[in-house]
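# Observations on the three-dimensional arrangement
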Amino acid sequence: MSQFHAGESSTTRRYDLAVVGLGVMGAMVAWRAAAMGADVIALDPYVPGHRRGASHGGSRIFRTLCHEGVDYGVFARASLQIYRELEAATRTELLLQCGGLTIGPPGHPLVSAAAVTAETVGVAYERLDSAELRARYPQHAPMGKDIGLFEPTAGVLRPEAAVRAAVQASRAAGASVLSGVRCLKLRHEADGPTLFTNAGVIRARKTVLAIGGWTNDLVPDLELPLQVRRSVLCWFRDDTECHGTQNFPVFIRVGSGLDGWGIPDVDGRGVKVGLGGPHPSKRLLSHPDDNWGMHPVSVETAPVSAYVTKALPGLQPITASAEACMDVRTPDGHFVLGSHPRLADVVLCTGFSGHGFKHAPAVGTAVAQYALHGRTDFPIDAFAPDRFDRST
Ligand SMILES: Cc1cc2nc3c(=O)[nH]c(=O)nc-3n(C[C@H](O)[C@H](O)[C@H](O)COP(=O)(O)OP(=O)(O)OC[C@H]3O[C@@H](n4cnc5c(N)ncnc54)[C@H](O)[C@@H]3O)c2cc1C
């Protein structure tokens, strides 16, 4: 297959699909589309696995007990299988299934929603009452009658490795994958979109924009209501050796003012802990490029240390290390997947609102199917980009 070369100017070649952005979502779309037999080109200004977007930081939670809605359970269940396929194809370990806990008061809407998803999608889980939770997981300090939902299939994903594996699989399936190439402008033409990049012009029948917090740079007319927030990842040390993957499942905690999440020590760096939702310490960025080069400061890490003091008494509440990342949130917390409301050949894949990584393989499959064939079996109707402005 002939390749696009940096410096190549306008060519007559028209790809089936151009994928702009190679965070986890773009990498998965490129792989799935190339594996379906499409002629794919994919590009990013940085090397896959880089730290300037949202797909880095050593670990991510995988869980199927999705309190965000039943449809997400469908995506997570499919993603589990596709992550395993990717591991086999690239001989890379991407998912360590150490189990996962959802902790919160009985009857809390998010605890109930997680159980509904599990039961609807058919995922095994165990309900631990307050006494069982305290006995089995003394690392946590539950409040009052807090219960736990334990999901054995949950675990830890390795984000940088997952992005690189998807890129490797894309190339193996015939895709042209370019680093150091930024799309500067997108122009719609009768036979598909044209991409103007720093390395030449790319023509494609369809284009997927998987550029996370940068989406409004390339489709400013849409004014998608995306909030790009800086989110600092914090690691904490453990004196007791009780927070490894063998005894400390990933967790999501809700209620009692203790909304947060945590991931066991997978690489000797410590236990990773974060605060749930758009906490005030996660400041809004006017542009995603502003996140780069700003080192985490104490106003960002101190609230996480305070959380550790209350929720995880076995950890030293001093941040051992910290690293900036970013969230791209929609007003309703749901993804943005589907055609640009006025440019049918441009498919948007963004707005993952802090819970996208686990779903990336299924999102990649759904978006590849939708872009290439105009339909997908995955439930994406609720994620339509025009839901924010039904008048368009
Ligand atoms: C702190 C934190 C913790 C999280 N924890 C979890 C978790 O435990 N579980 C979970 O499931 N999810 C989690 N998430 C969410 C998950 O990480 C994101 O949903 C996911 O990484 C989003 O990937 P993306 O590909 O959309 O964006 P990105 O990774 O930001 O990728 C966008 C890419 O587009 C490229 N780009 C930008 N502009 C251009 C251009 N003009 N031309 C070409 N390329 C361009 C960028 O360089 C970048 O590589 C977390 C997120 C954060 C911030």
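Residues numbered from 1 in each chain as written. Predicted model: local features only at pLDDT ≥ 70, side-chain atom pairs only at ≥ 80, totals over all residues. Heavy atoms only, no water.

## So, the site of the ligand
Close to the ligand lie 33 residues; Asp-44, His-50, Ser-55, Ile-61 and Lys-358 are nearest. The side chain of Ser-55 places a nitrogen or oxygen atom 2.6 Å from an oxygen atom of the ligand. Take Phe-357: an N or O atom from its main chain is 3.0 Å from an oxygen atom of the ligand. Computed on the free molecule, the ligand has an accessible area of 1000 Å², of which 95% lies beneath the protein chains in the complex. (Near = heavy atom within 4 Å. Polar contact = N/O pair within 3.5 Å; in protein donor to acceptor, adjacent residues only side chain to side chain. Areas by Shrake-Rupley, 256 points an atom, 1.4 Å probe, with all protein chains shown as cover.)

## A short note on the sheet that holds strand β7 (residues 147-151)
With mixed pairing, the 8 strands of this open sheet are ordered in space as β6-β7-β5-β14-β15-β16-β13-β17. Because the sheet does not close on itself, it has two edges, and the strands there are β6 (126-128) and β17 (315-329). Strand-to-strand twist across the sheet, computed as the mean angle between neighbouring axes with direction ignored, equals 20 degrees. Pairing analysis gives 3 bridges linking strand β13 (residues 227-238) to strand β16 (residues 271-275), with the strands arranged antiparallel. Residue Trp-235 lies in a different strand from β16, and its bridge partner there is Lys-272. Helix-sheet contacts for helix α3 (residues 109-121) involve β5 (100-104) and β7, and the interaxial angle to β7 is about 30 degrees. (Pairing = 2+ DSSP bridges. Helix = DSSP H or I, 4+ residues; strand = E, 2+ residues; numbered from the N terminus. Axes fitted to C-alpha atoms, helices over the stretch in contact; angles between N-to-C directions. Contact = heavy atoms within 4.5 Å.)

## Side note on the UniProt feature "domain: FAD dependent oxidoreductase" (unreviewed entry) in the chain
Using the residue numbers shown here, the UniProt feature "domain: FAD dependent oxidoreductase" (unreviewed entry) corresponds to residues 16-369. When the span residues 16-369 is considered, its composition is 27% helix and 30% strand, and the gap between its end C-alpha atoms is 12 Å. (UniProt positions renumbered as here; feature names shortened; annotations may be inferred.)

## What about the packing of aromatic side chains?
This model, assessed by the stated rule, comprises 8 aromatic pairs. With a centroid separation of 6.3 Å and an interplanar angle of 25 degrees, the aromatic rings of Tyr-137 and Phe-150 are classed as stacked. You can see Tyr-137 sitting in the loop between α4 (130-136) and β7 and its partner Phe-150 sitting in strand β7, a full 13 residues away along the chain. An identical accessibility class is assigned to Tyr-137 and Phe-150; each is buried. Taking the centre distance of 5.3 Å and the plane angle of 40 degrees together, the rings of Phe-335 and Phe-383 count as tilted. On the criterion of sequence distance, the pair formed by Phe-335 in the loop between β17 and β18 (336-339) and Phe-383 in the segment after α8 (360-373) is long-range, its members being 48 residues apart. Looking at Phe-335, the relative accessible area reads 0%, which means it is buried. The class for Phe-383 is buried, based on a relative accessible area of 2%. We note Arg-136 situated over the ring of Phe-150; from NZ or CZ to the ring centre the distance is 5.5 Å. Over the ring of Phe-196 we find Lys-185; its NZ or CZ atom is 5.0 Å from the centre of that ring. (Phe/Tyr/Trp six-rings, centres within 6.5 Å; stacked < 30°, edge-to-face > 60°. Buried < 20%, exposed > 50% of the residue type's maximum accessible area, 1.4 Å probe, protein only. Lys NZ or Arg CZ within 6 Å of the ring centre and 35° of its normal.)

## A look at the pairing of β7
Within β7, 5 of the 5 residues are buried, which leaves it mostly tucked inside the rest of the structure. Side chains Ile-147, Leu-149 and Glu-151 project from β7 onto one buried face, and the interleaved Gly-148 and Phe-150 project onto a second face that is buried too. As judged from the 5 bridges shared by β5 and β7, these two strands associate in the antiparallel manner. Each residue of the ladder has a partner; that of Ile-103, found in β7, is Gly-148. Of the strand pairs in this sheet, β6 and β7 are connected by 3 bridges, and their pairing is antiparallel. In the sheet register, Glu-126 faces β7, and the bridge partner there is Phe-150.

## Digging into the nonpolar core
Val-40, Val-208, Leu-337, Cys-349 and Val-363 are the most contacted members of the largest nonpolar core, which totals 54 residues. Looking at this core, the elements that each hand over two or more residues are β1 (14-20), α1 (24-35), β2 (40-44), α2 (70-90), α5 (159-172), β19 (346-350) and α8. Among the elements that take part in this core, α1 stands out by supplying 9 residues, more than any other. When near neighbours in sequence (up to four residues on either side) are disregarded, Val-208 contacts Leu-17, Ala-18, Val-19, Val-20, Val-29, Val-347, Cys-349, Val-367 and Ala-371. Core analysis: the second largest hydrophobic core is formed by 28 residues, Leu-43, Ile-202, Leu-209 and Leu-222 among them. (Core = buried A, V, L, I, M, F, W, Y, C linked by side-chain atoms within 4.5 Å.)

## Some words on α2
A rise of 1.5 Å per residue sets the reference length of α2, with its 21 residues, at 30 Å; its end C-alpha atoms lie 30 Å apart and thus fit the reference within 8%. If you check which residues of α2 are buried, you get Tyr-72, Gly-73, Phe-75, Ala-76, Ala-78, Ser-79, Leu-80, Ile-82, Tyr-83, Leu-86, Glu-87 and Thr-90. Where α2 terminates, the next one or two residues include Arg-91, which has phi positive at roughly 50 degrees. (Expected span 1.5 Å × (residues − 1).)

## Some points on the packing of α1 against α5
At a closest axis distance of 8 Å, the pairing of α1 and α5 adopts a crossing angle of 25 degrees. By the angle between their directions, the pair α1 and α5 is classed as roughly parallel. Handedness of the crossing formed by α1 with α5: left-handed. In this structure, α1 uses Val-24, Ala-27, Met-28, Ala-30, Trp-31 and Ala-34 to contact α5, whose residues at the interface are Ala-162, Val-163, Ala-166, Val-167, Ala-169 and Ser-170. Residues of the contact of α1 with α5, tallied by class, amount to 11 nonpolar, 1 polar and no charged. (Parallel < 35°, antiparallel > 145°, perpendicular 65-115°, else oblique. Left-handed = near helix turned anticlockwise from the far one by under 90°. Nonpolar A, V, L, I, M, F, W, Y, C, P; charged D, E, K, R; others polar.)

## Observations regarding the pattern of salt bridges
Per the stated rule, a full pass over the model turns up 19 salt bridges. The salt bridge involving Arg-51 is made with Glu-160; its shortest N-O contact spans 4.0 Å. One end of the pair, Arg-51, is in the loop between β2 and β3 (60-62); the other, Glu-160, is in helix α5, and 109 residues separate them in sequence. Given the relative accessible area of 11%, Glu-160 is considered buried. The shortest N-O distance in the salt bridge between Glu-68 and Arg-63 comes to 2.8 Å. You'll find Glu-68 and Arg-63 in the same group, each marked buried. Salt bridges sharing common partners tie together Arg-51, Glu-160, Arg-269 and Glu-323. (Salt bridge = Lys/Arg side-chain N within 4 Å of Asp/Glu carboxyl O.)

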